[in-house]
Every structure is written in structure tokens, then in C-alpha cells.
Amino acid sequence: VQLEESGGGSVQAGDSLRLSCAASGRTFRRWSMGWFRQAPGKECEFVAAISRAADMTDAGDSVKGRFTISRDSAKNTVILQMNSLKPEDTAVYYCAARNPLYSSTSRIPADYVAWGQGTHVTVSS
């Protein structure tokens, strides 16, 4: 599967952004999907994940209640809706597909086998 993120940009604190991840191929339904982010000088951080059946979602503690993940299998797309953005949300955001052997979500980057190129999000105060 190939992944391409879009929707990043520069916003003010308190604003919202909607990130999209478009997946190629006909096997999108087989993949649980995740979003990760990496800020300059920091490690990769789990943001959110959704199972391949969309029956489970998970969000990192720092974004819980503000970010929502969803998927549209008809459009082969995963969406990350980000509300109430904070300056500490500034990072490059990556979409990733989990090993199709597993149907559930994961917070571990090593569990994901395909990654997009990333999209930049900058939040100013």
C-alpha cells in the first residue's frame, strides 16, 4: 500500500485542521491505520489509530478529546480531525498502515509497515 498525506498547514492556537491520508490499492480494508507525529528534536509520537473494521479507535493522551480519527473505505482514506490545536501540536504528521496480520490498533511505530511522506502542521500562539 502507498500512502499520501495532505491537509497540513499553519494555523493559530485554537484553530482546527483536517488531515487526510489517501491509500492506493484495493486492499485498504485489510489495514489498520495510524497517525504519528514528530517534532524537531523529538521522538516519533503516537497520535491516533483505527482498526481495519473501524470498530476500535485509540488516541494518545496528549490529543485525546481534541483529535478524532476516522476512515472511509469507499474512498480509501483515513482522516485525522484536529480541533483546539496547541503550539505543542506542531510537528510533521505521518500516516501509517499496520501489518495486515493484525486487525487491531497499535501505538507502536514498529508495528506499521507502510508510511507516508508526512505533512507539516505548525500552530502558533
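Preceding block: the structure.
All of the points below concern the structure found in this document. Values in this document were obtained by computation on a predicted structure and should not be read as measured data.

Here we look at the pairing of strand 7 (residues 67–72)
Here strand 7 shows one buried face, formed by F67, I69 and R71, and one open face, formed by T68, S70 and D72. With 6 bridges connecting them, strand 7 and strand 8 (residues 77–82) associate as antiparallel partners. From the neighbouring strand, S70 faces strand 8, where its bridge partner is I79.

Structural notes on the state of the cysteines
For the structure shown, the criterion picks out 1 disulfide. With no disulfide partner, C44 has as its closest neighbouring cysteine sulfur the one in C95, 12 Å distant. Its relative accessible area of 32% is what places C44 among the partly exposed residues.

Considering the layout of surface pockets
Gaps left between atoms show up when a probe the size of a water molecule is rolled over them. Of the volumes computed, that of the largest pocket is approximately 180 Å³. Looking at the lining of the largest pocket residue by residue, the classes come out as 2 nonpolar, 3 polar and 8 charged.

Regarding the packing of aromatic side chains
Inspection of the entire model under this criterion finds 4 aromatic pairs. Here F36 and F46 contribute two aromatic rings whose centre-to-centre distance is 5.7 Å and whose plane-to-plane angle is 70°, an arrangement assigned as edge-to-face. With a gap of 10 residues between them, F36 in strand 4 (residues 33–38) and F46 in strand 5 (residues 45–50) connect regions that are remote in the sequence. By the burial criterion, F36 is buried, and F46 matches it.

Details of the pairing of strand 8
Buried residues dominate strand 8, accounting for 5 of its 6 residues. As paired strands, strand 3 (residues 17–23) and strand 8 are joined by 6 bridges and run antiparallel to one another. Across the sheet, the residue bridging to R18 is Q81, located in strand 8. Hairpin connection, strand 7 to strand 8: the antiparallel pair is bridged by 4 residues, and N76 has positive phi, about 50°.

Describing the pattern of salt bridges
Applying the stated criterion to the full structure yields 6 salt bridges. Measuring nitrogen to oxygen at the nearest pair gives 2.9 Å for the salt bridge that ties D89 to R37. In this pair, D89 sits in the loop between strand 8 and strand 9 (91–98) while R37 sits in strand 4, placing the two residues 52 residues apart along the sequence. R37 shares its class with D89; the two are buried. Notably, a salt bridge pairs D111 with R98, separated by 3.6 Å at the nearest N-O pair. On the criterion of sequence distance, the pair formed by D111 in the loop between strand 9 and strand 10 (112–115) and R98 in strand 9 is long-range, its members being 13 residues apart. On the accessibility criterion, D111 (24% relative accessible area) is partly exposed. Put simply, R37, E45, R66 and D89 are held in one network by salt bridges that share partners.

Procedures and definitions
Residues numbered from 1 in each chain as written. Predicted model: local features only at pLDDT ≥ 70, side-chain atom pairs only at ≥ 80, totals over all residues. Heavy atoms only, no water. Buried < 20%, exposed > 50% of the residue type's maximum accessible area, 1.4 Å probe, protein only. Helix = DSSP H or I, 4+ residues; strand = E, 2+ residues; numbered from the N terminus. Pairing = 2+ DSSP bridges. Disulfide = S-S within 2.5 Å. 1 Å grid on protein atoms, 1.4 Å probe; cavity = no way out; pocket = protein on both sides within 12 Å on 5 of 7 lines; lining within 4 Å. Points joined across faces, edges and corners; volume = space filled by probe spheres on them. Nonpolar A, V, L, I, M, F, W, Y, C, P; charged D, E, K, R; others polar. Phe/Tyr/Trp six-rings, centres within 6.5 Å; stacked < 30°, edge-to-face > 60°. Salt bridge = Lys/Arg side-chain N within 4 Å of Asp/Glu carboxyl O.

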